[in-house]
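Observations on the model geometry
This is what each chain is made of:
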Amino acid sequence: MQQALELIGGRWTGSILLAVLSGARRFSDIRVAVPGVSDRLLCDRLRRLEAEGLLERHSATDPGLVGYAPTEAGQALVPALRALSEWTTHWRGGTGRESDTGPDR
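Residues numbered from 1 in each chain as written. Predicted model: local features only at pLDDT ≥ 70, side-chain atom pairs only at ≥ 80, totals over all residues. Heavy atoms only, no water.

1. Quick word on the pattern of salt bridges
Note the threshold: In the sections that follow, a salt bridge refers to a side-chain nitrogen of Lys or Arg positioned within 4 Å of a carboxyl oxygen of Asp or Glu. Note on exposure labels: buried denotes an accessible area under 20% of the residue type's maximum, exposed denotes more than 50%, and partly exposed covers the range between, all computed with a 1.4 Å probe on protein chains only.
Summed over the entire model, instances satisfying the criterion amount to two salt bridges. When the shortest N-O distance is used, the salt bridge between Arg31 and Asp39 registers 3.0 Å. Look at Asp39 and you get partly exposed, because its relative accessible area is 41%. With a shortest N-O distance of 2.7 Å, Arg45 and Asp44 are connected by a salt bridge. Judged by its relative accessible area of 40%, Asp44 falls in the partly exposed class.

If you want it as structure tokens, here you go:
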């Protein structure tokens, strides 16, 4: 469990991975899907996800264009990442506390 949390728990890492798993393939698409992440940090995280075997880097037909695609291991994370995202929306709602849609509300 600790290894998984260290891998996807880095700032922006889970959001970047989820963006690629949801269909963002080029660097610019990922940047739009993850607003607020700097180009430098995005590049760093993509390299790390590639080194960890969760993403594959592909050269596009046009020179200089690069795309990313999830590996089988990356694709297997979809249910876990979606569950974490849903949990965050339900229980944290951006306030750091249980949302107004919690079970007692």
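2. Brief notes about the nonpolar core
To keep things clear, this is the line we draw: The set of buried Ala, Val, Leu, Ile, Met, Phe, Trp, Tyr and Cys residues whose side-chain atoms join them within 4.5 Å is what this entry labels a nonpolar core. Helix and strand assignments come from DSSP, with helices taken as H or I runs of at least 4 residues and strands as E runs of at least 2, each series counted from the N terminus. Contact criterion: two residues are considered in contact whenever any of their non-hydrogen atoms come within 4.5 Å of each other.
Judged by nonpolar contacts, the single largest core of 21 residues is most densely connected at Ile16, Leu17, Ile30, Leu46 and Leu81. Secondary structure elements with two or more residues in this core: α1 (2-8), α2 (13-21), α4 (39-51) and α6 (78-92). The element contributing the most residues to this core is α2, with six residues. Every residue in contact with Leu81, bar those within four places of it in the chain, is listed here: Ile8, Gly14, Leu17, Leu18 and Leu21.

3. Details of α4
An α-helical turn contains 3.6 residues, so any two residues separated by three or four positions project in the same direction. What counts, and what does not: Under the convention used throughout, the expected extent of a helix is 1.5 Å for every residue step, that is, one less than its residue count. Taken from the helix axis, the directions to the C-beta atoms give the arc we talk about.
For α4, with 13 residues, the first-to-last C-alpha span of 18 Å sits near the 18 Å given by 1.5 Å per residue. The complete set of buried residues in α4 reads Leu42, Arg45, Leu46 and Leu49. Here the buried residues of α4 occupy an arc of 100° about the axis, which is enough to place them on one side. Across from the buried face of α4, at angles greater than 90 degrees, the exposed residues are Arg40, Arg47 and Ala51. The elements touched by buried residues of α4 are α2, α3 (27-33), β1 (55-59) and β2 (66-70). Of the residues trailing α4, Gly53 is marked for its positive phi of about 85°.

4. Quick look at the packing of α2 against α6
Let me state the cut-off plainly: Here the axes come from fitting lines to C-alpha atoms, over the contacting stretch only for helices, and the angles between their N-to-C directions go from 0 to 180 degrees. Should an angle lie under 35 degrees it is considered roughly parallel, over 145 roughly antiparallel, and from 65 to 115 roughly perpendicular; all remaining angles are considered oblique. Here is the rule for handedness: rotate from the far helix to the near one, and if that takes an anticlockwise turn smaller than a right angle the crossing is left-handed, while a clockwise turn gives right-handed. Note that Gly is not counted as nonpolar here; it falls among the polar residues with everything else outside the nonpolar set of Ala, Val, Leu, Ile, Met, Phe, Trp, Tyr, Cys and Pro and the charged set of Asp, Glu, Lys and Arg.
Look at α2 against α6: their axes get within 11 Å of each other, and the N-to-C directions meet at 120°. One finds that α2 runs oblique with respect to α6. When you trace α2 past α6, the crossing you get is left-handed. Seen from α2, the contacting residues are Gly14, Leu17, Leu18 and Leu21; seen from α6, they are Val78, Leu81 and Arg82. Considered class by class, the residues forming the contact of α2 with α6 number five nonpolar, one polar and one charged.

5. Let's talk about the confidence of the model for the protein
The condition that has to hold: The predictor attaches a confidence to each residue, called pLDDT, with possible values from 0 through 100.
Per-residue confidence for the protein gives a mean pLDDT of 84; residues scoring 70 or more make up 86%. Within the protein, α1 has the poorest average pLDDT of any element, 86, and α4 the best, 95. Note that pLDDT drops below 50 for residues 96-105; the model gives that stretch 16 contacts with residues more than four away or on any other chain.

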